[in-house]
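Listed here are the chains, written in short residue letters.
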Amino acid sequence: MAQQLAMVIDAAKCIDCKACVAACKVANSVPEGQFRNWIKQADDAPVPGKASGKAKFQPGACMHCDNPTCVDACPTGATYKDPATGEVVIDHGLCIGCGNCLPACPYGARFRNAEKRKADKCNYCPERRAAGIPPACVDTCPTKARVFGDINDPESEAGRLYQKNKDQLARVTARTDTKPNMFYIGDPGTPDWGGEAVVPASMVAMKQTAPLLKAVVGLSGLGVLAMLGRQLIAGSGDHKEDTDA
Amino acid sequence: MSRRDFFKASGLVAAGALGGPALLGGLKKANAAVPAPAWDSKFSACDICFNKCGLIARVEDGVVKKLDPNPKFLKSRGMLCARGNAGIAQVYDPDRLKHPLLRKGARGEGKWQRIPWDEALDMAAQKMEEVRSKYTPCGHLFSAGTDLHSQFVGRFAEVYGSFNVTSHESLCLVSGNRAFLDTYGEVPFADVLNSKYIIMAGANRFEALVTPDSMDLMTAIRENGCKLVTLDPRYTKTAALSHEWYPVRPGTDMAFMLALAHVIIAEKLYDPQWIEEKTYGIEMLAEHVKQYTPGFAAEQCSIPAEDIARIARELAAAAPAAMIYPGRRTSDYENSTQIRRAFAIVNGLLGNWDKPGGLLAARAVGLKGVPYDAPWYDENQEDRIDAHKVPMMFEHEGSFLVTRDAVLADDPYPIRGWFIYKTNPMGTAPNRKKTIEMMNKMDFVTVVDIAMSDTAWMADLVLPSQSYLERTDPCSGLQGSVACACVVKRDPIIEPMYESRSLFDVMKGIAGRMDLGEYFDFTIDEYRRKQTRDIPEALEVMDRDGVYYNPSKVYGIYEGRIYKTLSKKIELYNQRYEQMGLDPMPVYTEPTKVPKNQFRLVVGRDALTTQTSTANNSLLHQFNPANTLWLNTESAKRLGINDGDLVEVSSPVGRQELAAEVTDKIRTDTVYMLSGYNTLSTMQTLSHNVGASINELLDDDYDTVTGNASMHTTFVSVTRKVA
């Protein structure tokens, strides 16, 4: 089975200290006033005496969904789901900064990077992973509420938690169900804040008329590929499983 | 073929025509896994608050790119909080002090002249000599905050001849330390991790982070089934994550604790053998707490009597793995030592001392002091300027508020020089106007800091200090409760920026110019070797792991050992207090009622703020750009104040303006704001003129036993500010 990188989060452990948010900003040079991750807060009115014991704070970020509406909305294919790792990736070489993907994310996980003027979001800190250390938010978390890894690998901490808590894992239930790969153990705290994915009509049409488009795009693509030769065909073969064509 | 492939391909048509083969390679690289950064990883310890969490600095080309937790650092459970992560913003703050500055205009006017280090050190030495000859050595005051170099300020003061050294602690926690010291003979650490029942009062451990307690508290709750009960007039994050929260009437915690003692004793819920063998004064205590019934406490605290009785029973049932968390916010009332004595006494009844889930004695760390023989000065004063004004001051911490009053009154002698390192009394001591007066009384004030704090802003000579990532620090022993007893050190991660120098080098420079050079005739490396003479492997282990652990005993340290108290037992009844005319057991007095149409102003912390020292941090500033006044919804309605309205807050000592945050998370009779904002120093560009300064508003009452500031005794009026 291919990997599925994911976060398994015990929201009840979150103390809303913002260490994950600060660590992410430094690790990824996120511009002033912009954030790749967050902590949501349950808007509960305080009641003196017995409390409900429910989770109050909910850490989150891009959920690297199984059904990523942001991919549908991207006109250039800059955003895609990596079939090898299950990550939703932004290829900044292809991103034109059109902003279509921002409302397409029902969780508000995407923003236009004010300095790079391109789409930005959590990428699980690939440089850090290459150096053998966890994503910054996971590494720094004081109560270790965030656990990251391949949930298909039962040997990993994330996989172990995923298997162990399978029956009580919860997801954020947005109005558009994108099947997020961010799992909350037990009580997710504030589950229903996700909105509706807004994908431009042209992109929806493109998806609906996929067979026809596939032919058209494929034909023009073939022309291009023919000109560029076999090396390019090999180079572009990595992402065949894109959902939109 | 997907859109992605198509665009990638067609993009290359254009690019390929221009760039040729180089771009084909580029494409391959884009598809390859991201390479690991060329990091040089170096150990250090955080310095953005007092906890000293272990960290690994990731350095590229001499620039710190990221600070990560040291996973081997058990005291902080392998974490680094938001402030720790924001350390980079402190080190690379463009507002940092860059070279020595000499004041040119009036104090606080902000006119400075850059001078060379040699001239600065000559001047500091000369001015200190002048003060010494004119006013005796005790005519010079020395103040230092919590830092690994701070001990050199104490050393300098002693060899210079002054007894007058104050720390930050009398603006923070000394009354709590006093109370526990006078009950157990030493100040305990809490074994939060193994506790089954914790009452948190006068502490906010999920925001005011203390390692490992804050992390252990969550593990205890989530994984060990520990119950947490919080008393706080605010609905803090700790309150939100507690099993039970009671918005206690401020100043009545003692009544709650005495009622717990009442129930535990009346219902004989304690271990009689423990009480008999280990404690002194149970009969007197039993008699004393008869009057403090849950019904009595309920009226005082606004907590239902049946809940108080139930909590007492639950607490006793979980004992000895149960505790009243000692807490650190003990600079609250004029009787704060006695309030915390009540906390200590209930712990005594629970029999939790030196046991899992209870209060722990300090563990052996292995570090040794580096002694020296200070010279004798015949002309010196008899004692500190703040001596004998409160009965139980900590000599090595002093009382900042008592000292300030004494300086202002020249009582019993004048002080005209002040040397300050890494503490900012202008920003942390209540009644800022008085601190300004104190400054104005001085002939010469020298401040060593990395930033132009308000204290530096009022000084004569400002010397730029190295940050924690630029200098060599002595070793420091840390207590980590059940996690560890450990040693840390700091080596330079990056080259010192600008003209900054370490405090040690500054002291050495001044001492050398005053014929005191022999007392600073060593290097920090030599000093470390002396500190670690009993644990010679420690330095090498720290190079390898970033921390050295002493494998010392955790529990049962007091087996067969006597307690350092008069009775040689845990003192429920304090004989020494009796001899000194203090209450041997805490006597409850009702706090002053909040005057009509006024509020009690309380202080507090969040996880993103270390008082004034983070006020100008560009990363943390994004979370809390300005402080707000927490005001209860009902009270706000009565005053016609809406959320976000600008309000004027006035107290007997000052007035400030800030935005109101209308919320249900605070009692109707209480208001709160974060400290650290609205600095006078315009060289703190993010905090100057932003929000309100709490220390401009707080009145300067203090604990009558220790001289610790009492920050919760100020009443304020709040009015809507009409533009």
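In the annotation of an unreviewed UniProt entry, chain A is listed under the name 4Fe-4S ferredoxin-type domain-containing protein and assigned to Pseudodesulfovibrio portus.

Regarding its fold elements, chain A presents nine helices and eleven strands. Expressed as a percentage of the 245 residues in chain A, the buried residues total 58%. Considering only contacts within chain A whose residues lie at least 6 apart along the sequence, 60% involve residues at least 24 apart.

Here we come to the overall build of chain B. Each helix and strand in chain B was counted, giving 25 helices and 27 strands. Radius of gyration (C-alpha) of chain B: 27 Å, near the 27 Å computed for a compact globule of 723 residues. Taken along the three principal axes of its C-alpha coordinates, chain B extends 95 × 80 × 65 Å. The buried share of chain B, taken over its 723 residues, is 64%. For chain B, contacts bridging at least 24 residues in sequence account for 75% of all contacts bridging at least 6.

All right, on to empty space enclosed by the protein then. What the rule picks out here adds up to twelve cavities of 30 Å³ or more. Empty space within the largest cavity amounts to approximately 130 Å³. When grouped by side-chain class, the residues that make up the lining of the largest cavity number seven nonpolar, four polar and five charged.

Once that is clear, we can look at the packing of helix H10 (residues 253-266) of chain B against helix H14 (residues 305-318) of chain B. Residue and element names in this part refer to chain B. The interhelical angle for the contact between H10 and H14, taken along N-to-C directions, is 65 degrees, at an axis separation of 9 Å. Of the two possible hands of crossing, H10 and H14 adopt the one that is right-handed. Side by side, H10 and H14 meet where Phe256, Ala259, Leu260, Val263 and Ile264 of the first sit next to Ile308, Ala309, Ile311, Ala312, Arg313, Leu315 and Ala316 of the second. Here the contact of H10 with H14 is built from residues that sort into eleven nonpolar, no polar and one charged.

What follows covers the nonpolar core. Residues and elements named next belong to chain B. Among the nonpolar cores identified, the biggest contains 140 residues, and Ile199, Phe256, Met257 and Leu260 are the most heavily contacted of them. In terms of residue count, the dominant contributor to this core is H10 (eleven residues). For isoleucine 199, the contacting residues outside a window of four places in its chain are Val229, Phe256, Met257, Leu260, Ile311, Leu315, Met323, Ile324 and Tyr325.

All names here are of chain B. One pass over the full model with this rule turns up 28 aromatic pairs over all chains. Across the ring face of tyrosine 498, the terminal group of lysine 98 is positioned such that the distance to the ring centre comes to 5.2 Å. The aromatic ring of tyrosine 577 is capped on one face by arginine 341, whose charged end is 5.8 Å from the ring centroid.

With that settled, consider the packing of H10 of chain B against helix H15 (residues 336-350) of chain B. Residue and element names in this part refer to chain B. Where H10 contacts H15, the axes come no closer than 9 Å and their chain directions differ by 25 degrees. Taken together, the axes of H10 and H15 are roughly parallel relative to one another. Here the hand of the crossing between H10 and H15 comes out left-handed. Contact residues: Asp253, Met254, Met257, Leu258, Leu260, Ala261, Ile264 and Ile265 in H10; Gln338, Ile339, Ala342, Phe343, Val346, Leu349 and Leu350 in H15.

Further remarks concern helix H8 (residues 213-224) of chain B. It helps to recall that an α-helix has 3.6 residues per turn; residues three or four apart then point in one direction. Residues and elements named next belong to chain B. For H8, built from twelve residues, the straight-helix expectation of 16 Å at 1.5 Å per residue is missed by more than 12%, its first-to-last C-alpha distance being only 14 Å. Those residues of H8 lying buried are Asp213, Ser214, Met215, Asp216, Leu217, Met218, Ala220 and Ile221. Residues of H8 that are buried make contact with strand S8 (189-190), strand S9 (197-201) and strand S10 (227-231). One or two residues past the end of H8 sits glycine 225, with phi positive at roughly 70 degrees.

For the rest of this paragraph, the subject is the confidence of the model for chain A. Confidence in the prediction of chain A, expressed as mean pLDDT, is 87, and 83% of residues score 70 or more. The low-confidence segment residues 229-245 of chain A (pLDDT under 50) makes 35 contacts with residues lying over four places distant or belonging to another chain.

Residue and element names in this part refer to chain B. Along the chain, threonine 435 turns up in helix H18 (residues 432-441). Threonine 435 gets classed as buried once you look at its relative accessible area, which sits at 0%. For threonine 435, the side chain forms a polar contact with the side chain of arginine 404, separated by 2.8 Å.

As summarised here, the arrangement of the five strands in space is S3(A)-S11(B)-S10(B)-S9(B)-S13(B), forming an open sheet in which the pairing is mixed. Strands at the two margins of the open sheet, each flanked by one partner only, are strand S3 (49-50) of chain A together with strand S13 (322-324) of chain B. Here S3 of chain A pairs with strand S11 (residues 244-246) of chain B via two bridges, running antiparallel. The residue bridging glycine 49 of chain A from the neighbouring strand is tryptophan 245 of chain B, located in S11 of chain B.

Counted under the stated rule, the structure contains zero disulfides over all chains. Of all cysteine sulfurs in the structure, the one in cysteine 484 of chain B sits closest to cysteine 486 of chain B, which takes part in no disulfide; the separation is 3.9 Å.

Another aspect to go through is unusual backbone geometry. Residues and elements named next belong to chain B. Residue proline 212 is bonded to the preceding threonine 211 through a cis peptide linkage, with omega at 0 degrees. Residue position: proline 212 is located in the loop between S9 and H8. A cis amide bond links aspartate 411 to the next residue, proline 412, at an omega of 5 degrees. Positionally, proline 412 belongs in the loop between helix H16 (400-409) and strand S15 (417-421).

Now for the side chain of threonine 337 of chain B. Residues and elements named next belong to chain B. Structurally, threonine 337 can be placed in helix H15. Take threonine 337: its relative accessible area is 0%, and that puts it in the buried class. Apart from the residues within four sequence positions on either side, threonine 337 is in contact with Ser175, Arg178, Ala179, Tyr577, Asp703, Val705 and Thr706.

Residue and element names in this part refer to chain B. Here we have seven strands laid out as an open sheet, ordered S5-S4-S17-S16-S15-S6-S7, and mixed in their pairing. If you trace the sheet from one side to the other, it starts and ends with strand S5 (112-114) and strand S7 (165-166), each paired once. Relative to S5, strand S4 (residues 101-103) runs antiparallel, the two being bridged by three bridges. Directly across from arginine 103, in S5, lies its bridge partner tryptophan 112. Running at roughly 135 degrees to strand S17 (residues 461-464), helix H5 (residues 117-135) makes contact with S4, strand S6 (140-144), S15, strand S16 (444-449) and S17 of the sheet.

Bringing the pattern of salt bridges into the picture now. Residues and elements named next belong to chain B. Under the criterion given, the structure shown has 64 salt bridges over all chains. With its nearest N and O atoms 3.1 Å apart, the salt bridge here joins lysine 72 to aspartate 545. Of this pair, lysine 72 sits in the loop between strand S3 (63-69) and helix H3 (82-85) while aspartate 545 sits in helix H22 (residues 538-545); the two residues are 473 residues apart in sequence, bridging distant segments of the chain. On the basis of relative accessible area, lysine 72 is assigned to the partly exposed category, the value being 46%. With its nearest N and O atoms 3.1 Å apart, the salt bridge here joins arginine 132 to glutamate 129. Taken together, the positions of arginine 132 and glutamate 129, both in helix H5 and three residues apart, correspond to about one turn of that helix.

Residue and element names in this part refer to chain B. Most of S6 sits out of view: five of its five residues are buried. Of the two faces of S6, the one holding His140, Phe142 and Ala144 and the one holding Leu141 and Ser143 are both buried throughout. Looking at chain direction, S6 and S7 are connected through two bridges and run parallel. What sits directly across from serine 143, in S7, is threonine 166.

All right, on to helix H6 (residues 157-164) of chain A then. All of the buried residues along H6 of chain A are Ala158, Gly159, Leu161 and Tyr162 of chain A. With its buried residues spanning 165 degrees around the axis, H6 of chain A presents them on a single face.

Before going further, it helps to examine the environment of threonine 589 of chain B. Residues and elements named next belong to chain B. Within the element layout of this structure, threonine 589 appears in the loop between helix H23 (575-579) and strand S22 (599-602). Assessed through its relative accessible area of 49%, threonine 589 is described here as partly exposed. Between the alpha carbons of threonine 589 and valine 248 there is a distance of 16 Å; along the sequence they are 341 residues apart.

The rules behind the values
- Residues numbered from 1 in each chain as written.
- Chains lettered and ligands numbered in written order.
- Predicted model: local features only at pLDDT ≥ 70, side-chain atom pairs only at ≥ 80, totals over all residues.
- Heavy atoms only, no water.
- Helix = DSSP H or I, 4+ residues; strand = E, 2+ residues; numbered from the N terminus.
- Buried < 20%, exposed > 50% of the residue type's maximum accessible area, 1.4 Å probe, protein only.
- Contact = heavy atoms within 4.5 Å.
- Rg over C-alpha atoms; globule rule 2.2 N^0.38 Å.
- 1 Å grid on protein atoms, 1.4 Å probe; cavity = no way out; pocket = protein on both sides within 12 Å on 5 of 7 lines; lining within 4 Å.
- Points joined across faces, edges and corners; volume = space filled by probe spheres on them.
- Nonpolar A, V, L, I, M, F, W, Y, C, P; charged D, E, K, R; others polar.
- Axes fitted to C-alpha atoms, helices over the stretch in contact; angles between N-to-C directions.
- Left-handed = near helix turned anticlockwise from the far one by under 90°.
- Core = buried A, V, L, I, M, F, W, Y, C linked by side-chain atoms within 4.5 Å.
- Phe/Tyr/Trp six-rings, centres within 6.5 Å; stacked < 30°, edge-to-face > 60°.
- Lys NZ or Arg CZ within 6 Å of the ring centre and 35° of its normal.
- Parallel < 35°, antiparallel > 145°, perpendicular 65-115°, else oblique.
- Expected span 1.5 Å × (residues − 1).
- pLDDT = per-residue confidence, 0-100.
- Polar contact = N/O pair within 3.5 Å; in protein donor to acceptor, adjacent residues only side chain to side chain.
- Pairing = 2+ DSSP bridges.
- Disulfide = S-S within 2.5 Å.
- Salt bridge = Lys/Arg side-chain N within 4 Å of Asp/Glu carboxyl O.
- Arc of directions from axis to C-beta.

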